[in-house]
Structure formats: structure tokens, C-alpha cells
Amino acid sequence: RDVSTPAVRVPWHRQTKAFALRNLRATLRTKATIIWGFGFPAFWYLLSSLIFLPDAEAVGGAANLADVKGATAVSLGLFGVLTVTLVAFAGGLSADLTEKRYRKLRSLPISPTADFAGRFLAGVAVAAVSYLLVIVVGFFDGADYALRGPGSVAVVVGSFLLFSAVGVSVAVAVTWVVNDPEVVIGITNAILL
């Protein structure tokens, strides 16, 4: 580049998009995300449905079983949200800190808030896929989802975002205290369970 021309600062929203896409690609390339973020919550739903939930039909009939399956799918979907935002977010952040990427990034005209917002958006996108996967598996298993008015939609979206924010907050705290990425993954898994 011509040194006589001043450096142009990239707008915050473009930096955020770049960090979100980078983190999304990195997260989806990890086998652990596919197994633990997508497969584990859906597996737990199916296990619960096959082993623990048939008793609900004996107690309250088929309608009660469909409602219980719906509640179980939503609960385990939120478990998937926490899995992705806590464990996967902490793993990626810890790896970037350990490999000293932040030292390089901080020497450039890059906004730390754009980095965080991009990471958060990528985590929320992957968490949404995990959540919806469990909901779809539950639907095909006979779960009943009854939204009662516009307030219930706000509760679903609000709980999703709140679980995401809690997962990311705990991930940042653990990563700030612990320097070893493998230990970070172990600690966040223990917190998750």
C-alpha cells in the first residue's frame, strides 16, 4: 500500500461480520461442536423419550405424553444452547488467547467489541441450530408445542438469548481465570453438567 495514504478504518459492523463468519467457520469445523453441540442434546432427548417418558402416557394419557415430550424437547434444546455458548465459545476464545492471536489483533485498528459481538453472534447462530434440531427431533417423536399468544413467543426468544448470554459470560470468566485450553474445556463441561 502507498504509505502516503492514511489507513482506512473498517466500520464496526463489517468487523463484527468478519469475526462472526470466522468464528462460525471455526466452530463448525470442530468435530466436538458437531458431536456435543448438535448430537448430544438430541441424543438425550431421544434417550429420555424412549426410557423415561413412556410413564407419562400411563399417568395422563397420550395428550399428556405429547405435552411432556414438548417440555422435554424445549429443556434439552436449552441445554444445547448452553453447551454451544459455554463450551464451544470458551474453547475458541481460550485457543485464540493461548495462540496469542489477541496480541496480534490488538496491534491492528480492530475493535475489541466487534470481536466479542462477532463471537457472540456466531455462538448464537450455532446455538440456534442446536436448539432447533432438538425441537425438530421432538416434533417427529410426537412432542406438542403450544404457544399461547405473542407473550409466549417473547418468552421463548428471551430464554434462548438469556441462556446464550449466561453461557458466554461464564465462558469468558473461565477463560479469563484459566490459561490452558484443555483445562478450560474440562471446567466448562463440569459447569455445564
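Residues numbered from 1 in each chain as written. Predicted model: local features only at pLDDT ≥ 70, side-chain atom pairs only at ≥ 80, totals over all residues. Heavy atoms only, no water.

Whenever I open this one, the overall build of the protein confuses me. Can you help?
Helix and strand counts for the protein come out as 7 helices and 0 strands. Its helices and strands in sequence order give the protein the pattern α-α-α-α-α-α-α, from N to C terminus. Across its three principal axes, the protein shows a C-alpha extent of roughly 80 × 40 × 25 Å. Expressed as a percentage of its 193 residues, the buried residues of the protein come to 38%. In the structure as shown, the protein presents an accessible area of about 11,200 Å², 71% of it carried by carbon and sulfur atoms. If you average the places of the 16 positive and of the 11 negative side-chain charges in the protein, the two averages end up 16 Å apart. (Helix = DSSP H or I, 4+ residues; strand = E, 2+ residues; numbered from the N terminus. Buried < 20%, exposed > 50% of the residue type's maximum accessible area, 1.4 Å probe, protein only. Areas by Shrake-Rupley, 256 points an atom, 1.4 Å probe, with all protein chains shown as cover. Lys, Arg positive; Asp, Glu negative; His and termini not counted. Charge placed at Lys NZ, Arg CZ, Asp CG, Glu CD.)

Help me understand the layout of surface pockets, please; the structure alone is not making it clear to me.
To locate leftover empty space, one rolls a probe as large as a water molecule over the atoms. Within this model, the largest pocket holds a volume of roughly 520 Å³. Taken together, 27 residues make up the lining of the largest pocket; nearest its centre are T27, T30, A88, G91 and G92. The dominant element in the lining of the largest pocket, judged by the number of residues it contributes, is helix α3 (residues 54–98), at 11 residues. A breakdown of the residues in the lining of the largest pocket according to their chemical character gives 12 nonpolar, 11 polar and 4 charged. Lining the second largest pocket are 14 residues; nearest its centre among them are V74, D144, Y145, A146 and L147. Among the elements of the structure, α3, α5 (112–140) and α6 (150–177) are those that each provide at least two residues to the lining of the second largest pocket. When residues in the lining of the second largest pocket are grouped by element, the largest group, 4 residues, is from α3. (1 Å grid on protein atoms, 1.4 Å probe; cavity = no way out; pocket = protein on both sides within 12 Å on 5 of 7 lines; lining within 4 Å. Points joined across faces, edges and corners; volume = space filled by probe spheres on them. Nonpolar A, V, L, I, M, F, W, Y, C, P; charged D, E, K, R; others polar.)

For this particular structure, what's the right way to read the pattern of salt bridges?
Pairs can form between side chains of opposite charge whenever their charged atoms are close. All chains considered together, the criterion is met by 4 salt bridges. Between D141 and K69 there is a salt bridge; the shortest N-O distance is 3.2 Å. Placement of D141 in the loop between α5 and α6 and of K69 in helix α3 is noted, with a sequence separation of 72 residues between them. Since its relative accessible area comes to 24%, D141 is described here as partly exposed. A salt bridge links D96 to R119; the nearest nitrogen and oxygen atoms lie 2.2 Å apart. Of this pair, D96 sits in helix α3 while R119 sits in helix α5, placing them 23 residues apart in sequence. On the accessibility criterion, D96 (5% relative accessible area) is buried. Exposure remark for R119: the relative accessible area of 5% places this residue in the buried category. Residues joined by salt bridges that share partners form a network here, namely R22, D96, D115 and R119. (Salt bridge = Lys/Arg side-chain N within 4 Å of Asp/Glu carboxyl O.)

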